[in-house]
Amino acid sequence: MNMQYTAKIAGTGMYAPKRIVNNFDLEKMVDTSDEWIRTRTGMFERHFVADDEAASDLATHAAHKALEAAKLRVRDIDLIIVGSVTSDHAFPSTACIVQKNLGAKSCMAFDVSAGCSGFLYASDIARQFIENGSVEHALVIGVEVLSRFTNWEDRGTCVLFGDGSGAAMISRAKSTDIGRIIDTHMEADGTYGNLLIQPAGGSRLPATDETVREHKHTVHMEGNRIFKLAVKSMYNQCETVLKRNNWDVKSIDWLISHQANLRIIESLGNKLKIDPKKVIINIEKYANTSAASIPIALDEAVRAGKIRRGDVVLMTAFGAGLTSGAMLIRF
Ligand SMILES: CC(C)(COP(=O)(O)OP(=O)(O)OC[C@H]1O[C@@H](n2cnc3c(N)ncnc32)[C@H](O)[C@@H]1OP(=O)(O)O)[C@@H](O)C(=O)NCCC(=O)NCCS
């Protein structure tokens, strides 16, 4: 590969809407229990947007924080990529709305639809723009408002999701920087697409009274099958980047996996044989925020002083598509 430059994470940010709904609140809304949700998923609280909030609002808040952390100004942004499946609109893209909100210059801005892998897919695209020299600073955001796509009559899915956003400034590394994205590996397997799908609202099944009545504009998921595929594919992508770079799992300082289910994260950790103390988990506070889960966990760990400059972080995700990926970085 002809790599002119390397890319690094220069700063991170996150935002979670103010309204917090815990498992006891959910007990009053659906036939479920705190005990079931905790033991099956590890979740306790999740944040939901206010009536007047949408994905671009959450994304803009996180973007400001990432810019500040990277000590960059809005005019430094050369590229905006948003990973989301719950955009403000089918079009224009949420990235273009964020660009307007920030007052950013006429940079390229677009969305990526890769489900819960959205942030890693978007980061990998940004990395390539930086490595080939086309841009110097890319704003990458993972944002979801899944509370707007929830079927409150399906207890198997409605308790699982939360709203939030996380952002990273991915910048060209200086020759003196130790931080850099070491390697990435992204995959998809479209043959499993129907296991996790919002069936209506697109060109296949446009909105009708019937599609609304039948909850076809909400998340439909075969949880059991997704569970097994999640562990297998995240493990495979992690192994691919580790082996390709001759890295042993013992050299990893932190593992950040997509926060979909505590049992999935623990199974992945066991399979990788990584010290559980190195696994970052915040699912109890946010539930599954899809494309936002990795950048939220990353930002929290950085601000808490867990992840420090020079640490090696392995991030891995899995989501609708089915998509999956892993990214190995020195922070
Ligand atoms: C969804 C998930 C938590 C379900 O857990 P599970 O252990 O597989 O549970 P099951 O679906 O087999 O259901 C077990 C029982 O709990 C019940 N149940 C389901 N949801 C419930 C809820 N919210 N509260 C109480 N009981 C519930 C089911 O009805 C079922 O009852 P039954 O045995 O009487 O039929 C789990 O499969 C999962 O996390 N899958 C992956 C999801 C995921 O990663 N999604 C995002 C991908 S990015």
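1. What about the overall build of the protein?
Inference 1: Scanning the protein from terminus to terminus reveals 11 helices and 13 strands.
Inference 2: For 331 residues, the compact-globule estimate of 2.2 N^0.38 gives 20 Å, and the protein sits close to it at 19 Å.
Inference 3: Counting only C-alpha atoms and orienting by the principal axes, one finds that the protein spans roughly 55 × 45 × 35 Å.
Inference 4: Residues counted as buried form 50% of the 331 residues belonging to the protein.
Inference 5: Counting contacts in the protein only where the partners sit at least 6 residues apart, residues at least 24 apart contribute 78% of the total.

2. Observations concerning the site of the ligand
Inference 1: Close to the ligand lie 22 residues; Thr 32, Cys 116, Gly 223, Ala 260 and Asn 261 are nearest.
Inference 2: Only helix H2 (34–41), helix H6 (155–158), helix H8 (223–244) and strand S12 (312–319) provide two or more residues apiece to the shell around the ligand.
Inference 3: Sort the elements by how many residues they give to the shell around the ligand and H8 lands first, with 5 residues.
Inference 4: For the shell around the ligand, the residue count by class is 11 nonpolar, 9 polar and 2 charged.

3. Describing the sheet that holds strand S6 (residues 137–145)
Through backbone hydrogen bonds, the strands of a sheet pair up, either in parallel or in antiparallel fashion.
Inference 1: Pairing within the open sheet is mixed, and its 5 strands lie in the order S1-S7-S6-S4-S5. Taken across any chain shown, the strands that pair with only one partner, and hence form the sheet edges, are strand S1 (7–15) and strand S5 (108–112). Mean inter-strand twist for the sheet, computed between neighbouring axes without regard to direction, equals 15°.
Inference 2: Direction of pairing for strand S4 (residues 79–83) relative to S5: parallel, over a ladder of 5 bridges. Residue pairing for S5: Val 82 is matched across the bridge by Asp 111.
Inference 3: This element, helix H3 (residues 55–69), spans S1, S4, S6 and strand S7 (163–172) of the sheet and lies at about 130° to S1.
Inference 4: Sitting on the sheet, helix H4 (residues 94–102) is in contact with S4, S5 and S6, with an inclination near 130° to S4.

4. Describing unusual backbone geometry
Inference 1: Residue Pro 92 is reached from Phe 91 by a cis peptide bond, and omega for that bond is 0°.
Inference 2: Counting through the fold element by element, Pro 92 comes out in the loop between S4 and H4.
Inference 3: For the bond running from Gly 321 to Leu 322, omega is -5°, close enough to zero to count as cis.
Inference 4: When you line up the elements, Leu 322 lands in the loop between S12 and strand S13 (323–330).
Inference 5: A positive phi angle is found at Ala 287, which is not glycine, with a value near 60°.
Inference 6: Among the structural elements, Ala 287 can be located in the loop between helix H10 (283–286) and helix H11 (293–303).
Inference 7: Ala 287 gets classed as buried once you count the C-beta atoms within 10 Å, which come to 29.

5. Details of the packing of H3 against H4
Inference 1: Relative to each other, H3 and H4 sit at 55°, their axes nearing to 9 Å. Overall, the two elements H3 and H4 adopt an arrangement that is oblique. Remark: the crossing between H3 and H4 carries right-handed chirality. Two secondary-structure elements touch here, H3 through Ala 55, Ser 56, Ala 59, Thr 60 and Ala 63 and H4 through Thr 94, Ile 97, Val 98, Asn 101 and Leu 102.
Inference 2: Each residue belonging to the contact of H3 with H4 can be placed in one class, and the counts come to 6 nonpolar, 4 polar and no charged.

6. Some thoughts on the domain arrangement of the protein
Note on interface size: it is often stated as the accessible area lost on association of the parts.
Inference 1: If you check the domain split of the protein, you get domain 1 (7–172) and domain 2 (180–330).
Inference 2: Averaged C-alpha coordinates put domain 1 and domain 2 at centres separated by 14 Å.
Inference 3: Contact residues are listed per partner, giving 47 residues for domain 1 and 45 residues for domain 2.
Inference 4: Within the residue set of the side of domain 1 that touches domain 2, elements represented by two or more residues are S1, strand S3 (45–48), helix H5 (118–131), S6, H6 and S7.
Inference 5: Along the lines of polarity and charge, the residues of the side of domain 1 that touches domain 2 split into 19 nonpolar, 20 polar and 8 charged.

7. With respect to the packing of H8 against helix H9 (residues 262–272)
Inference 1: Closest axis-to-axis distance for the H8/H9 pair is 9 Å, and the angle between their directions is 40°. Classified by the angle between their axes, H8 and H9 sit oblique to one another. Between H8 and H9 the crossing geometry is right-handed. Contacts from Phe 227, Ala 230, Val 231, Met 234, Tyr 235 and Cys 238 of H8 reach H9 at Ile 264, Ser 267, Leu 268, Lys 271 and Leu 272.
Inference 2: Counted by class, the contact of H8 with H9 contains 9 nonpolar, 1 polar and 1 charged residues.

8. Concerning H11
Inference 1: Most of H11 sits inside the fold, with 9 of its 11 residues counted as buried.
Inference 2: Considered for burial, the residues of H11 that qualify are Ser 293, Ile 294, Pro 295, Ile 296, Ala 297, Leu 298, Asp 299, Ala 301 and Val 302.
Inference 3: Residue Gly 305 follows H11 closely and has a positive phi angle near 80°.

9. Quick word on the nonpolar core
Inference 1: Ile 80, Ile 81, Leu 139, Val 140, Ile 141 and Ile 170 are the most contacted members of the largest nonpolar core, which totals 101 residues.
Inference 2: In terms of residue count, H8 provides more of this core than any other element does, 8 residues in total.
Inference 3: There are two domains that each give this core at least three residues, and those are domain 1 (7–172) and domain 2 (180–330).
Inference 4: Excluding its chain neighbours within four sequence positions, the residues that come into contact with Leu 139 are Ala 63, Ala 66, Ile 77, Ile 80, Ala 167 and Met 169.

Rules behind the numbers
- Residues numbered from 1 in each chain as written.
- Predicted model: local features only at pLDDT ≥ 70, side-chain atom pairs only at ≥ 80, totals over all residues.
- Helix = DSSP H or I, 4+ residues; strand = E, 2+ residues; numbered from the N terminus.
- Rg over C-alpha atoms; globule rule 2.2 N^0.38 Å.
- Buried ≥ 20, exposed ≤ 12 C-beta atoms within 10 Å, placed from the backbone.
- Contact = placed C-beta atoms within 7 Å.
- Near = placed C-beta within 6 Å.
- Nonpolar A, V, L, I, M, F, W, Y, C, P; charged D, E, K, R; others polar.
- Pairing = 2+ DSSP bridges.
- Axes fitted to C-alpha atoms, helices over the stretch in contact; angles between N-to-C directions.
- Parallel < 35°, antiparallel > 145°, perpendicular 65-115°, else oblique.
- Left-handed = near helix turned anticlockwise from the far one by under 90°.
- Domains from an automatic or database assignment.
- Core = buried A, V, L, I, M, F, W, Y, C linked by C-beta atoms within 7 Å.

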